[in-house]
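Architecture at a glance
Residues per chain are reported as follows:
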Amino acid sequence: MKNYFKFDELGTNYKREILGGLTTFLSMAYILAVNPAMLSLKDVPDLPDAMRMDAGAVFVATILASIVGCLFMGLIANYPIALAPGMGLNAFFAFTVVLTYGIPWQIGLTGVLFSGVIFALLTMSGWRETIINAIPFELKMAVSAGIGLFITFVGLKGAGIVAPSKATLVTIGNIHDPHVLLAVGGIVITVILMARKVPGSIFIGMVLTAIFGMVFGLIDPPKQIVSQIPSVEPTFGKAFEAFQNPGQLLTWHFVAVVLTFLFIDFFDTAGTLVAVANQAGFVKDNKLPRAGRALFADSLATMTGAVFGTSTTTSYIESSAGVAVGARTGFASVVTALCFALALFFSPLMAVVTSAVTAPALVIVGVLMVSNLSKIEWERFEIAVPAFLTMIMMPLTYSIATGIACGFIFYPITMIMAGRRKEIHPIMYVLFVVFVLYFIFVQHS
């Protein structure tokens, strides 16, 4: 085992790897509660049941996708990087694909499956690097920051911290409502934990928020702690139903869904791999060893998740917490996978996960993603405009895809007018046309 994972070569041991795997799991365990709540649209009232995914099935699908991703990443790529359904991608699935576009969640899963297959093909062909290099760095950072703003807004809105207003569209919520106060308290607790650099701060913050909610009678205690594994039947294989009526896949909405899933996962995964690999000291001569295997682990986990019933699976930046305590090999990812497997038996605990409990996770993850704004050249107007529109249009239109489209349309325009035509990659012109057509046809479909 030590030889397979190259413990001696990478200067590690079982203790460090096990501790690293556990730390990574605790740092990202919040997804076990947030993802089912997000995809089942738990906090959106007055929705037909047909628009909601089964929370229990999503819980199991989330774990299975994570297990497959972590095992493949650990055993084949030998990286201490964990995978799970991505934040932002699940928000896009729930609030844009299902609520805004009105696409059935079954078709949404088909879109996730398609994006995973395309991702795998691009990775194996080498085209992935070409496309990544074609997208300006500043737009990549703006997309990340915009998603951060979007999921923060989703968290604040769901918890009632911000509320609708006829006069100003949004305003401060009823801060005298005990449920709102619980969410605010949870955010404060999590912020303090993060500031103190406590491992697993987001997960611990959610746990403490839920405990306070139960103590003060705001959340009903779970009826049991351990139970049988929920059935995955309500979502399993639903991604294939669309093939019975292929016509529903030949729409601009569906194309936009697939492209958005693919684009976000593209750069989320690349950014995480580079960041964690740099932290662990794996990058040599600006190259990442076994990058193809690591990227294929992502696409395989995405396809697995789509089949079982969850949104796109991606590499988690929280893996850096495990690396920080000593993880250096894929053995840590295997440990994280085992932790996810054990979590299958604790589904009753999901009953205590209300919007007040998930709000701290959404807000803090949003803060971490928005930090990418510092990497954008704001002094260059031709860069600032598309970056700003990409970022700001996501929360204002309640659509990640719309934000991406706005930024990618304005980028060639501002760059050409600034006399920087030669810096525009030909692929950006193709994307310009694609997103113009997206607005023309999506707005009238």
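Structure: see above.
Here is a short report on the structure shown in this document.

About the thresholds
Residues numbered from 1 in each chain as written. Predicted model: local features only at pLDDT ≥ 70, side-chain atom pairs only at ≥ 80, totals over all residues. Heavy atoms only, no water. Helix = DSSP H or I, 4+ residues; strand = E, 2+ residues; numbered from the N terminus. Buried < 20%, exposed > 50% of the residue type's maximum accessible area, 1.4 Å probe, protein only. Core = buried A, V, L, I, M, F, W, Y, C linked by side-chain atoms within 4.5 Å. Contact = heavy atoms within 4.5 Å. Pairing = 2+ DSSP bridges. Axes fitted to C-alpha atoms, helices over the stretch in contact; angles between N-to-C directions. Parallel < 35°, antiparallel > 145°, perpendicular 65-115°, else oblique. Left-handed = near helix turned anticlockwise from the far one by under 90°.

1. What about unusual backbone geometry?
The backbone of Leu-41 shows a phi angle near 50 degrees, a positive value even though the residue is not glycine. Mapped onto the fold, Leu-41 is located in the loop between helix H3 (31-39) and helix H4 (55-77). Phi at Asn-78 is positive, roughly 55 degrees, even though this residue is not glycine. If you trace the backbone, Asn-78 turns up in the loop between H4 and strand S1 (83-85). Taking the relative accessible area as the measure of exposure, Asn-78 reaches 10% and is therefore buried.

2. A look at the nonpolar core
Ranked by size, the top nonpolar core spans 112 residues in total, and within it Tyr-30, Met-87, Phe-93, Phe-95, Phe-150, Ile-404 and Phe-408 carry the most contacts. Among the elements that make up this core, the one with the highest residue count is helix H8 (residues 137-159) (ten residues). In contact with Phe-150, not counting residues within four places along its chain, are Ala-91, Phe-95, Met-394, Pro-395, Tyr-398, Ser-399 and Ile-400. With 18 residues, the next largest nonpolar core counts Tyr-79, Phe-119, Phe-282 and Ala-297 among its residues.

3. Quick notes on the pairing of strand S3 (residues 169-172)
Here strand S2 (residues 162-165) pairs with S3 via four bridges, running antiparallel. The residue bridging Pro-164 from the neighbouring strand is Val-170, located in S3. In this structure, the hairpin formed by S2 and S3 is closed by a connection of three residues.

4. Some remarks on the environment of Leu-338
Secondary-structure assignment places Leu-338 in helix H14 (residues 331-343). Its relative accessible area of 53% is what places Leu-338 among the exposed residues.

5. A look at the packing of helix H10 (residues 201-215) against helix H15 (residues 355-370)
Two elements in contact, H10 and H15, have axes whose closest approach is 8 Å; the angle formed by their N-to-C orientations is 155 degrees. It follows from the interaxial angle that H10 and H15 lie roughly antiparallel. In this structure, the crossing between H10 and H15 has a hand that is right-handed. For the pair H10 and H15, contact is made by Ile-202, Met-206, Thr-209 and Ala-210 and by Ala-356, Val-357, Thr-358, Pro-360, Ala-361, Ile-364 and Val-365, respectively.

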